[in-house]
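Each chain, written out:
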Amino acid sequence: MQSIRIIGPGRAGTSLAAALAAHGWDVVGFLGRHDDLAGAARGVDILVIATPDDAVAPTAAAVAPEADTTVLHLSGSLGLEVLAPHPHRAALHPLVPLPNAVVGATRLASGVTFAVSGEPVARLLALSLGGRVVEVADADRAVYHAAACIAANHVVALLGQVERVAASAGLDLEAFLPLTRAALDDVAALGPRRALTGPAVRGDWDTLSRHLDALPARERAGYQAGAALATQLAESAAPIIPAAVSR
């Protein structure tokens, strides 16, 4: 199996290292922000840059190119140009949160989707972990990553709002999580439009207005944004026409 060195011993880097090592890859070690990176690509088949997005380009530039080494980043939003001047470039972005190395390694090998581009080794890494592979071109990576942030970060932020609003009624977040889980299950089974319920899909504007009146001022903008998205989704499909009644 090919050898791998990783720059960036954070959550993403350590999660990937643990997952790959468990699947037979030769992970030779990590380099951090205080290490000399000039020779990082020497003596390995793959050099992974697992830094925050704004550090990928300067990190890649600090590494001396090697003719036989593929340099790969884990960013969802960046293309391959940030890996110049390396001759072999790739990108591998897992669509899953990586909170720590133990949980992250398990999730990476659980059949999640990986967005790849560049050299074939990116696809090989994803497939070796049992992943689903999608190709995302450089021109599409920003909008792809926006969708990823909406799917995870924005959902978490909305649940933060649920926690705050529920607390004002003397309830905890746990009371509402079964509702969230059931809604996500419905989306998976039916698609977003058919899974949508509530006042927006019914056109119950008086209820929405009462909600806004009851909410603290600091919560209204977030609620209005969510209601607008629900209304947009409700209006996105043609109305369902009842079947004719047989006589």
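Residues numbered from 1 in each chain as written. Predicted model: local features only at pLDDT ≥ 70, side-chain atom pairs only at ≥ 80, totals over all residues. Heavy atoms only, no water.

Trainee: Looking at this structure, how should I read unusual backbone geometry?
Mentor: Here the bond from A84 into P85 is cis, since omega is 10 degrees, no more than 30 degrees from zero. Structurally, P85 is set in the loop between strand 4 (70-73) and strand 5 (88-94). (Helix = DSSP H or I, 4+ residues; strand = E, 2+ residues; numbered from the N terminus.)

Trainee: Just checking my understanding: could you explain empty space enclosed by the protein for this structure?
Mentor: Where empty space is left can be seen by rolling a probe of water-molecule size over the atoms. Overall, the coordinates contain one cavity of 30 Å³ or more when judged by the stated rule. In this structure, the largest cavity encloses a volume near 30 Å³. As for the largest cavity, its lining consists of A12, L16, L74, L92, P94, L98, L108 and F114. Within the residue set of the lining of the largest cavity, elements represented by two or more residues are helix 1 (11-22) and strand 5. Tallied by class, the residues present in the lining of the largest cavity amount to eight nonpolar, no polar and no charged. (1 Å grid on protein atoms, 1.4 Å probe; cavity = no way out; pocket = protein on both sides within 12 Å on 5 of 7 lines; lining within 4 Å. Points joined across faces, edges and corners; volume = space filled by probe spheres on them. Nonpolar A, V, L, I, M, F, W, Y, C, P; charged D, E, K, R; others polar.)

Trainee: Any chance you could explain the side chain of T59 here in plain terms?
Mentor: Mapped onto the fold, T59 is located in helix 2 (residues 53-62). Overall, the relative accessible area of 9% leaves T59 in the buried class. Of the polar contacts made by the side chain of T59, one reaches the backbone oxygen of A55; its length is 2.6 Å. (Buried < 20%, exposed > 50% of the residue type's maximum accessible area, 1.4 Å probe, protein only. Polar contact = N/O pair within 3.5 Å; in protein donor to acceptor, adjacent residues only side chain to side chain.)

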